[in-house]
Amino acid sequence: MPQGRRKIAFSGKKKKVQLAAKKQAKIVHANPFLLNKTLKEEGADDAGRKSEDLEVQKLNYQPGRDGRYVFHFYRESDRQVKEAKEVAKKPLNPVPPQALEVGDNFFVGYGFPQRPPWHYEMSKEKLEWNENKYFRDYMQNLEKVHYDDKKILSFCELNLETWRQLWRVLEISDIFLLIVDIRFPTLMFPPSVYQHVQELGKSMILVLNKIDLVPPAVVLAWKKYFEEKYPQLHILAFTSFPSYNLRGPQGSSTGVQIRRRRGKMRMAAEGAYEVYKAVNEIVGGSVDIASWESKILEELNLSDGEEEDAEPETPEVVHEEEKDLVFQKYVRHKNGILTIGCLGFPNVGKSSLMNALMGQKVVSVSRTPGHTKHFQTIFLTQNVRLCDCPGLVFPSSAPRSLQVLMGSYPIAQLREPYAAIRYLCERVDLISLLALKHEYHDPEDGWSPIVVCDEWAVKRGFLTAKVARPATYRSANHLLRMALDGKFNLHLLPPDFIRDEASWLDHPELKDIIAIQNKDPKLSEISFVNFTDSEDENEESSEEEGDDKGDSSSIPTTSNVFSLLNADGI
């Protein structure tokens, strides 16, 4: 014991107060730009239940790394989670196919935080103070609007540092690629971003990505939908994984198992050429990008069995957080270099698109949203530079369950996954596709999200350690990952698609979509692709029952894939 000091009693009551203070300090530190404002939840009364705080949840934090760029989302209260679990016990109510037809009204009344006005004579401290105050006021107004309208806040990014990354990319880029997942395009296209880019006097290209996961007619219908709604928007279809970037030896009689190619991969030349044509139309000869076209044409001329003799030189990837870009004035096509910024929600495939354009892995990818922490640049050619921005969840009215299925929220961090399971089961006949039977529950109980998860847990052998009960949470986690990977035919449709489906199937431009998908005739009957990245095999475990580690077995892929699940004993 140090000299001159004596041991002081420390009661359990004081310890509880100390822990509560630490927890509150952690919440404030997670998002210092928000006031710790208390709002009454819907249904709370003055004399009844106690009002609860809107706490901020910090996700994807990795020890040893800078935690400034992790996701910040509002955390559901314990009461909301409890009520949602009770709802998960209610029967499923399947919806008709027409319910999948949606418009683009998810962002009506919602903007996004834009960088407040500034000038070059302003000090860095003054600039940061203005940004902090603006973002705090923006979020407080967003909270107030939702409280007054009695709406539940959708998941949206609450971290100012991540929005600052978007502001930097918007300032330094000449052209923008707004990348969306073709399965949920209108939920990932904020019109306010498109309008802001037009105000900046710049051009935007909408990239409908992952088109290999949906039928070509759906891709064409969405493309025409956006062309009609936004005539000045350049629109193209893209996939990072055409048939030659998939691998899979011939399996058993159950079919062919295919996965992403790891390591060396070829350029997605068909999609890359579409990107080049759109960019070339915009620049109009103001920048020489002929070397980019030559690179793509050289790749297109490679025969299917031809391999390159030498390994291409890996370009340098620059993490722009290491540079001070606050006071760099924008100059169009500075030094004869064209800068293309890649924007979009998490998990839409921005990093994969950059790798596919390069023809090799140059940036790390992962299914876990928020993997890209800060924007990074890479030279496609000597005078064409790509800029990868972290994924951002924009404020919208999208249901939280659908945001989970979109991949905007880390599945491993979900406190209540059953709402997303309900949304999935009511739009996809999961019970028939997975060949589920009542083995644990009474058939008279019917089907609910909890029952579906329990029966899938029994079928896959997901059991708890002590009493061998179905691991319901782990089963739900596994089903959501399968949906995110495209193993279920869940995708939204443009308005009136079902009515006009025959005309889309006979449309003359349909062959162009099929050419970009570039599906091998041997794999033409495959209905989905089992995407597995080496970076994704060790996901974060859940705090409740754990994640599905090591359970990445491929499911046979045929035109009726789920009829083969029992054949492999799955």
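Residues numbered from 1 in each chain as written. Predicted model: local features only at pLDDT ≥ 70, side-chain atom pairs only at ≥ 80, totals over all residues. Heavy atoms only, no water.

### Considerations on the overall build of the protein
For the protein, the count of helices and strands is 16 helices and 11 strands. Across the 570 residues of the protein, 54% fall into the buried class. Long-range pairs, those at least 24 residues apart, make up 76% of the contacts in the protein with a sequence separation of at least 6. Total accessible area computed for the protein in this model is approximately 27,200 Å², and 49% of it derives from carbon and sulfur atoms. (Helix = DSSP H or I, 4+ residues; strand = E, 2+ residues; numbered from the N terminus. Buried < 20%, exposed > 50% of the residue type's maximum accessible area, 1.4 Å probe, protein only. Contact = heavy atoms within 4.5 Å. Areas by Shrake-Rupley, 256 points an atom, 1.4 Å probe, with all protein chains shown as cover.)

### Concerning the pairing of strand β11 (residues 384-388)
With respect to burial, β11 is a largely interior element, 4 of its 5 residues being buried. As paired strands, strand β9 (residues 338-344) and β11 are joined by 5 bridges and run parallel to one another. Bridging from a neighbouring strand, L338 pairs with V384 of β11. A loop of 2 residues connects strand β10 (residues 376-381) with β11, the two strands running antiparallel in sequence. (Pairing = 2+ DSSP bridges.)

### Digging into the packing of helix α7 (residues 269-283) against helix α8 (residues 290-300)
In helix packing, the relevant descriptors are the interaxial angle and the interaxial distance, both defined with respect to the helix axes. The contact between α7 and α8 brings their axes to 10 Å, and the two run at 155°. Taken as axis vectors, α7 and α8 run roughly antiparallel relative to one another. Judged by the sense of rotation from one axis to the other, the crossing of α7 with α8 is left-handed. Contact residues: A269, E270, A272, Y273, V275, Y276 and V279 in α7; W292, E293, I296, L297, E299 and L300 in α8. Residues belonging to the contact of α7 with α8 are distributed by class as follows: 10 nonpolar, no polar and 3 charged. (Axes fitted to C-alpha atoms, helices over the stretch in contact; angles between N-to-C directions. Parallel < 35°, antiparallel > 145°, perpendicular 65-115°, else oblique. Left-handed = near helix turned anticlockwise from the far one by under 90°. Nonpolar A, V, L, I, M, F, W, Y, C, P; charged D, E, K, R; others polar.)

### Some remarks on the pairing of strand β3 (residues 175-181)
Of all 7 residues in β3, 7 are buried, a share of seventy percent or more. Side-chain alternation along β3 places I175, L177, I179 and D181 on one buried face and F176, L178 and V180 on a second face that is also buried. Two elements, β3 and strand β4 (residues 203-209), share 7 bridges in a ladder whose sense is parallel. Residue pairing across strands places V180 opposite L208, the latter belonging to β4. For the handedness criterion, the β-α-β arrangement of β3, helix α5 (residues 191-199) and β4 is classed as right-handed. (Right-handed = clockwise from strand over helix to strand, strands pointing away.)

### Topic: helix α14 (residues 472-484)
In a regular helix each residue adds 1.5 Å, so 13 residues correspond to 18 Å; α14 covers 18 Å between its end C-alpha atoms and thus fits that length. Where burial is concerned, most of α14 is hidden: 13 out of the 13 residues are buried. (Expected span 1.5 Å × (residues − 1).)

### A few points about the nonpolar core
What tends to happen in soluble globular proteins is that the nonpolar side chains get buried as a cluster. Grouped together as the largest cluster of nonpolar side chains are 135 residues, with contacts concentrated most on V279, W292 and L479. Per-element accounting of this core gives the leading share, 8 residues, to helix α6 (residues 216-229). (Core = buried A, V, L, I, M, F, W, Y, C linked by side-chain atoms within 4.5 Å.)

### Focus: the confidence of the model for the protein
Residues of the protein with pLDDT of at least 70 account for 68%, and the chain-wide mean is 75. Below pLDDT 50 for its whole length, residues 28-52 participates in 48 contacts with residues either more than four positions away or in separate chains. Scored below 50 in pLDDT, residues 520-570 makes 120 contacts in the model with residues more than four places away or belonging to other chains. (pLDDT = per-residue confidence, 0-100.)

### Digging into the packing of aromatic side chains
Under the definition given, this model contains 16 aromatic pairs. Ring centres 5.7 Å apart and planes at 70° place the aromatic pair F112 and F394 in the edge-to-face group. In this pair, F112 is assigned in the loop between α2 (78-87) and α3 (124-148) and F394 in the loop between β11 and α10 (400-406), connecting sequence segments 282 residues apart. You'll find F112 and F394 in the same group, each marked buried. (Phe/Tyr/Trp six-rings, centres within 6.5 Å; stacked < 30°, edge-to-face > 60°.)

### A short note on unusual backbone geometry
Of note in the backbone geometry, K210 takes a positive phi value of approximately 60° without being a glycine. Here K210 shows up in the loop between β4 and α6. In the Ramachandran plot, A435 falls in the positive-phi region, its phi being about 55° despite a non-glycine side chain. Looking at where A435 falls in the secondary structure, it is placed in the loop between α12 (430-433) and α13 (449-460). On the basis of relative accessible area, A435 is assigned to the partly exposed category, the value being 23%.

### A word on the packing of α6 against helix α16 (residues 510-517)
Taken N-terminus to C-terminus, the directions of α6 and α16 make an angle of 115°; their axes are 9 Å apart at the nearest point. Read as a crossing pair, α6 and α16 show a hand that is right-handed. Every residue of α16 that contacts α6 at P216, A217, V219 and L220 is listed here: L510, I513, I514 and Q517. In terms of residue class, the contact of α6 with α16 is made up of 7 nonpolar, 1 polar and no charged.

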